[in-house]
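The primary structure of each chain is shown beneath.
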Amino acid sequence: MPAYTPEEQKAIDVISSYETAVNAGDAAATAALYAPDAAFFPFDFPTAKGKEAILGSYNAFFDVLTLNIKFTIDEVIVSGDLATVCSHSEGTRYLKGPDTTIPEINREVFVLTKIDGEFKIQNYMFNKPGQITE
């Protein structure tokens, strides 16, 4: 594991908290990691802007699915009050309706900003690395 500066580790800690919150299916805890004017750009879903819309997106997701994913940090860049974290994740997505578990593989970009000295997610986008074959 690479050695990170204290500021880089603070940014990584936000992603670790995000992983914990989404794996728990906790929409409120997930949305709490975002800045008030943040934007969430999920793959194959509409963009959610602002904390209320982001909370609504996660509530909708967790109503129909459960995630069990692990994030791996690929790159962290911190410049003053901004940080960018690039990662990839792998695990499973359990679809509640059809009672089906499928692989979940993504690439992510998190842009973080400091608010009152703490990093918050300002923008988050993820996509698929390519076709998943089963």
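Throughout this document, residue positions are counted from 1 along each chain, in the order its sequence is written. Per-residue local features of the predicted model are confined to residues with pLDDT of at least 70, and side-chain atom pairs are confined, for both listing and counting, to 80 or more; whole-chain, interface and lining totals are unaffected and use all residues. Heavy atoms throughout the structure, all of them, feed into the side-chain values; hydrogens and water do not.

Trainee: When you look at the packing of aromatic side chains in this model, what are you seeing that I'm missing?
Mentor: Both the distance between ring centres and the angle between the ring planes are used here to describe each pair of aromatic rings. Here is the rule: rings of Phe, Tyr and Trp (six-membered ring for Trp) pair when centre to centre is within 6.5 Å. Planes less than 30 degrees apart are stacked, more than 60 are edge-to-face, and the remainder are tilted. The tally for this structure, following the rule as stated, stands at 16 aromatic pairs. A centroid spacing of 5.8 Å and a plane angle of 75° characterise the contact between Tyr18 and Phe71, whose relative ring orientation is edge-to-face. With a gap of 53 residues between them, Tyr18 in helix H1 (residues 6-24) and Phe71 in strand E3 (residues 65-79) connect regions that are remote in the sequence. Residue Tyr18 shares its accessibility class with Phe71, and that shared class is buried. On the numbers, 5.5 Å between centres and 75° between planes, the contact of Tyr18 with Phe110 is edge-to-face. Numbering of helices and strands starts at the N terminus; helices are DSSP runs of H or I of at least 4 residues and strands are runs of E of at least 2. Relative accessibility under 20% of the residue-type maximum defines a buried residue, over 50% an exposed one, and the middle range a partly exposed one, all with a 1.4 Å probe and only protein chains included.

Trainee: Could you clarify how one ought to interpret the sheet that holds strand E6 (residues 118-127) in this entry?
Mentor: Within a sheet, neighbouring strands are paired by backbone hydrogen bonds and run either parallel or antiparallel to one another. What makes two strands pair is DSSP finding at least two bridges between them. The strand order across the open sheet formed by 6 strands is E2-E1-E6-E5-E4-E3, and the pairing between neighbours is mixed. The strands lining the two open edges of the sheet, one partner per strand, are strand E2 (48-49) and E3. Pairing between strand E1 (residues 34-41) and E2: 2 bridges, direction antiparallel. Looking across to E2, one finds that Ala39 is bridged to Lys49. The criterion used for residue contact is that any of the two residues' heavy atoms lie within 4.5 Å. Angular values range over 0 to 180 degrees, each being the angle between N-to-C directions of two axes fitted as lines to C-alpha atoms, with helices fitted over their stretch in contact. Packing against the sheet, helix H3 (residues 51-64) makes contact with E1, E2, E3, strand E4 (82-95) and E6, and its axis sits at approximately 50° to E1.

Trainee: Mind showing me how you'd approach the pattern of salt bridges here?
Mentor: When the charged atoms of two side chains with opposite charge come close together, those side chains can pair. Salt bridge, as used here: a side-chain nitrogen of Lys or Arg that lies within 4 Å of a carboxyl oxygen of Asp or Glu. Applying the stated criterion across every chain yields a total of 4 salt bridges. Residues Lys10 and Glu7 are paired through a salt bridge, measuring 3.0 Å at the closest nitrogen-oxygen approach. Separated by 3 residues within a single helix, Lys10 and Glu7 lie in helix H1, roughly one turn from each other. By relative accessible area, Lys10 is classed as partly exposed at 40%. Assessed through its relative accessible area of 23%, Glu7 is described here as partly exposed. Notably, a salt bridge pairs Glu7 with Lys114, separated by 2.3 Å at the nearest N-O pair. On the criterion of sequence distance, the pair formed by Glu7 in helix H1 and Lys114 in strand E5 (residues 100-115) is long-range, its members being 107 residues apart.

Trainee: Which parts of the structure should I look at to understand H1?
Mentor: Count 3.6 residues to each turn of an α-helix, and residues three or four apart come out pointing the same way. By this rule the span expected of a helix is its residue count minus one, scaled by 1.5 Å. With 19 residues, H1 extends 27 Å between its outermost C-alpha atoms, agreeing within 8% with the 27 Å of an ideal straight helix rising 1.5 Å per residue. Those residues of H1 not exposed but buried are Glu8, Ala11, Ile12, Val14, Ile15, Tyr18, Glu19, Ala21 and Val22. Residue Gly25 follows H1 closely and has a positive phi angle near 70°.

Trainee: Explain the pairing of E6 here, please?
Mentor: Side-chain positions along a regular strand alternate between the two faces of the sheet. Where E1 lies against E6, 4 bridges are found, and the strand directions are parallel. Within E6, the position partnered with Phe40 by the bridge is Tyr124. Alignment of E5 against E6, held across 9 bridges, turns out to be antiparallel. Across the sheet, residue Arg107 finds its bridge partner in E6, namely Asn127. Counted between consecutive antiparallel strands, the loop separating E5 from E6 contains 2 residues, among which Asp116 sits at a positive phi close to 50°.

Trainee: Even after reading the chapter, I still don't get the layout of surface pockets, so can you show me in this structure?
Mentor: Unfilled space is identified by rolling a water-sized probe across the atoms. Two kinds of site are reported from a 1 Å grid over the protein atoms alone, namely cavities, where a 1.4 Å probe fits but cannot get out, and pockets, open sets with protein on both sides within 12 Å along at least five of seven lines, and residues are called lining when an atom falls within 4 Å of a point. Grid points are joined across faces, edges and corners, and a volume is the space filled by probe spheres set on the points. What the largest pocket holds in volume is close to 310 Å³. What lines the largest pocket is a set of 21 residues, and nearest its centre among them are Leu65, Leu67, Glu104, Asn106 and Phe126. With 4 residues, the top contributor of residues to the lining of the largest pocket is E3. Under the scheme applied, nonpolar residues are Ala, Val, Leu, Ile, Met, Phe, Trp, Tyr, Cys and Pro; charged residues are Asp, Glu, Lys and Arg; polar residues are all the others, including Gly. For the lining of the largest pocket, the class distribution of residues is 14 nonpolar, 2 polar and 5 charged.

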